[in-house]
Each structure stands twice: as structure tokens, then as C-alpha cells.
Amino acid sequence: IAEPAPYVEPFLGRWQTAASSTCQVALEVYRDEAGNLAFDLKGQSLVRSGAANVSGTELALADVGAMQYDDATPSLGMSNIDENNSRRFSECNEDYLFFLRGGN
């Protein structure tokens, strides 16, 4: 029996770091021309695009890391500390970033 396709609708659209953040990072999650989930992530120090995958409440961004979806807010959260113990977005003072719907 095939696994059901993950429920991706909550992740689709434009997201931006919360107003309380020390920086502005924008994320767009969309379906590409082939219908696959993809993303564009743009900050001052890091710009990435690529494939995205959903597993439950986790959104995995290729070459970036995983984000956790909170349905109550709704928001996405991600660690700003990468595997090298450096800040993913050097312009952000927070160790953890929250993204809310909206943005340009």
C-alpha cells in the first residue's frame, strides 16, 4: 500500500521572520512546474533555493535544514545555528527564528 502524500497546504505561500526578530528573512514555499515542492529563502547573508519535503509537521529545505510547523500560531520555526555551530543568518542575533505568514 502506497504512503499517502504529505499534507503540504499549510506550508505553501510566503513567510517572513516575526516583527520581533533582529533581521528580515523571507521564505516562499511553492510547487514548481513539475508539481514538486520547492522553496526560495532570502536573507542578507544567505540566499538559497531548492527542493522542499514535508514529513508531518516538518518542512525540510535542501542544503538549509528543517523547519517545524506550529498549527496553533500558525508559524514555522528553525534553528539559526547550523551543523558547524555558526549562525545560518549572521545578521540575526537569535538562535531560533520564527516565520509568520506574509511578506513580499
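Notes on the structure follow. In this numbering scheme, every chain counts its residues from 1 along its sequence in written order. Local features in this predicted model are restricted to residues whose pLDDT is 70 or higher, and side-chain atom pairs enter the listing and the counts only when it is 80 or higher, whereas totals over whole chains, interfaces and linings include all residues. With hydrogens and water stripped out, all remaining heavy atoms of the structure feed into the side-chain values.

This part is about the packing of aromatic side chains. Note on ring pairs: Phe, Tyr and Trp rings are taken, using the six-membered ring of Trp, and paired if centres are within 6.5 Å. Classes follow the plane angle, with under 30 degrees stacked, over 60 edge-to-face and the rest tilted. For the structure on display, the rule yields 3 aromatic pairs. Arranged with centres 6.4 Å apart and planes meeting at 85°, the rings of Trp 15 and Tyr 69 form a pair that is edge-to-face. Taken together, the positions of Trp 15 in strand S1 (residues 13–17) and Tyr 69 in strand S6 (residues 65–70) put the pair 54 residues apart, joining distant regions of the chain. For each residue, the accessible area found with a 1.4 Å probe, counting protein chains only, is set against the maximum for its type, and the residue is called buried under 20%, exposed over 50%, and partly exposed in between. Tyr 69 sits in the buried class, given a relative accessible area of 14%. Put simply, the rings of Phe 11, Trp 15 and Tyr 69 touch in pairs and so form one group of aromatic residues. Numbering of helices and strands starts at the N terminus; helices are DSSP runs of H or I of at least 4 residues and strands are runs of E of at least 2.

Another point: the environment of Gly 56. Along the polypeptide, Gly 56 turns up in the loop between strand S4 (47–55) and strand S5 (58–61). For the pair formed by Gly 56 and Tyr 69, sequence separation is 13 residues and the distance between their alpha carbons is 8.8 Å.

Only a pair of cysteine sulfur atoms within 2.5 Å counts as a disulfide in this structure description. If you walk through the whole model with that rule in mind, you get 1 disulfide. Residue Cys 23 pairs covalently with Cys 92 via a disulfide, S to S 1.9 Å. Between Cys 23 and Cys 92 the sulfur-sulfur dihedral comes to about 100°; the bridge is accordingly right-handed. With Cys 23 in the loop between S1 and strand S2 (26–31) and Cys 92 in the loop between strand S7 (75–79) and strand S8 (96–101), this pair connects stretches of sequence that are 69 residues apart. Each member of the pair, Cys 23 as well as Cys 92, carries the same accessibility label: buried.

Looking now at the pattern of salt bridges. For salt bridges, the criterion is a side-chain nitrogen of Lys or Arg within 4 Å of an Asp or Glu carboxyl oxygen. Overall, the coordinates contain 2 salt bridges when judged by the stated rule. The partner of Arg 14 in a salt bridge is Glu 28, and the shortest N-O contact between them spans 3.7 Å. Here Glu 28 lies in strand S2 and Arg 14 lies in strand S1, a separation of 14 residues in the sequence. Arg 87 serves as the salt-bridge partner of Asp 95, at 2.8 Å between the closest nitrogen and oxygen.

For strand S3 (residues 37–42), the tally of buried residues reaches 5 of 6 residues, placing the bulk of the element in the interior. The rule for pairing is simple: two strands pair if DSSP sees at least two bridges between them. Two elements, S2 and S3, share 6 bridges in a ladder whose sense is antiparallel. Each residue of the ladder has a partner; that of Leu 27, found in S3, is Leu 41. With antiparallel pairing between neighbouring strands as the criterion, S2 and S3 make up a hairpin whose turn holds 5 residues, including Gly 35 at a positive phi of roughly 90°. Note: S3 against S4, 5 bridges, orientation antiparallel. The residue of S4 that forms the bridge with Asp 40 is Ser 49. Here S3 folds back onto S4, and the loop between the two strands holds 4 residues.

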